[in-house]
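# Residue-level structural notes
Listed below, chain by chain, are the residues.
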Amino acid sequence: MATGTEPHPNSGGVRTGTRAAIAAPHLRTDRWWLAPAATAAGLLAFIVYSTWRAFADTDYYAAPYVSPFYSPCLAERCRSMDAGPNADLFGSWWGISPAIIILVFPLGFRLTCYYYRKAYYRGFWASPPACAVAEPHKKYTGETRFPLILQNIHRYFFYAAILVAGTLTYDTVLSFRDEHHHWGHMGLGTLVFLLNITLIWAYTLSCHSCRHIVGGKLRHFSKHPVRYRMWQWVGKLNARHMLLAWASLVSVALADFYVFLVASGAFDDPRFF
């Protein structure tokens, strides 16, 4: 038996008698841990920031800009926004930040997203941490048991994400007003909102569920030319799903932070016209 291939103990997981008898944990010599470490750091930074902003319950509106974390604002205690995304569906009994109501939907969409599953499975759960690197768990059940079986509701979160993206589109249109709600305004915040909504739609439409909804269950593409063309467009976006996932994550945090700076008085929105 060659050096380094002595039998390993039967410790469960991938280290069983049915696998190759390699004593070393893995044979990779590159810095394979950098990718999962960077992924974990990036996601953790967003989690910390978004949690702070969601529970802050302040500085989320500076006419005409509203933070994407608080839109649509569905509680009675929301800031009054002229023609803004106010919808008093939750009465005065809702006592905490109104952002908690709406963030459930985009958060659920991203948590169940195929790319983000890969990202946090590797970055946080080490399942597995990288290609050709064994996971430390003794048992693997995939997404067949609670709580991971809930990943199967991704399509339904996609429908909710479409509604949220539609609301953010409306907010972007309103960003062409000035602080007195007069049309014809364009500031730096308008560009920030335009960038964010472009990336939000690109990420949402690049979703694997969207690709299946558009072109799935078709036996003959030739009989459905419109859906086939749409499926091709979504497929091109889907090929960049990972890039769009990260770009939209950064842009939505940037849009919220920009509103925070303006609303808190730390920064004046530069006006182009």
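So, here is what we can say about the structure in this document. In this text, all values refer to a predicted model and were calculated from it rather than measured experimentally.

### Considering the overall build of the chain
Counting secondary structure elements, the chain contains 8 helices and 4 strands. The linear arrangement of helices and strands in the chain, starting from the amino end, is α-β-β-β-β-α-α-α-α-α-α-α. Seen through its principal axes, the chain has C-alpha atoms that stretch 80 × 50 × 40 Å. Per-residue burial for the chain yields a buried fraction of 41% across its 273 residues. For the chain, long-range pairs separated by at least 24 residues make up 62% of all intrachain contacts whose partners lie at least 6 apart in sequence. In the chain, 25 positive and 15 negative side-chain charges are present, and the distance between their average locations comes to 20 Å.

### A few points about the pattern of salt bridges
When their charged atoms lie close together, side chains carrying opposite charge are able to pair. Counted according to the given criterion, the structure contains 6 salt bridges. Among the ionic pairs, Arg-53 bridges to Asp-256, the shortest N-O distance being 2.8 Å. Of this pair, Arg-53 sits in helix H1 (residues 34-56) while Asp-256 sits in helix H8 (residues 241-263), and the two are 203 residues apart along the sequence. Here Arg-117 ties to Glu-143 by a salt bridge, and the two come within 2.9 Å at their closest N and O atoms. Note that Arg-117 is positioned in helix H3 (residues 114-123) and Glu-143 in the loop between H3 and helix H4 (154-174), a separation of 26 residues in sequence. Among the residues examined, Arg-117 registers a relative accessible area of 7% and is labelled buried.

### A short note on the state of the cysteines
Tallying each qualifying case throughout the model produces 1 disulfide. Linked covalently through their sulfurs, Cys-73 and Cys-78 form a disulfide whose S-S length is 2.0 Å. Disulfide Cys-73-Cys-78: torsion about the S-S bond near -90 degrees, hence left-handed. Owing to a relative accessible area of 0%, Cys-73 belongs among the buried residues under this scheme. According to the relative accessible area criterion, Cys-78 is buried, its value standing at 12%. With no disulfide of its own, Cys-131 has Cys-113 as its nearest cysteine by sulfur position, at a separation of 18 Å. With relative accessibility at 48%, the residue Cys-131 sits in the partly exposed group. Of the cysteine sulfurs around Cys-207, a residue in no disulfide, the closest is that of Cys-113, at 6.4 Å. Accessibility expressed as a relative area gives 1% for Cys-207, which makes it buried.

### As for the environment of Gly-216
Residue position: Gly-216 is located in the loop between helix H6 (208-215) and helix H7 (225-238). A sequence separation of 15 residues divides Gly-216 from Trp-231, and the C-alpha atoms of the two residues are 8.7 Å apart. Once residues within four sequence positions are removed from consideration, Gly-216 is found in contact with Arg-211 and Arg-227.

What counts, and where the lines are drawn
Residues numbered from 1 in each chain as written. Predicted model: local features only at pLDDT ≥ 70, side-chain atom pairs only at ≥ 80, totals over all residues. Heavy atoms only, no water. Helix = DSSP H or I, 4+ residues; strand = E, 2+ residues; numbered from the N terminus. Buried < 20%, exposed > 50% of the residue type's maximum accessible area, 1.4 Å probe, protein only. Contact = heavy atoms within 4.5 Å. Lys, Arg positive; Asp, Glu negative; His and termini not counted. Charge placed at Lys NZ, Arg CZ, Asp CG, Glu CD. Salt bridge = Lys/Arg side-chain N within 4 Å of Asp/Glu carboxyl O. Disulfide = S-S within 2.5 Å.

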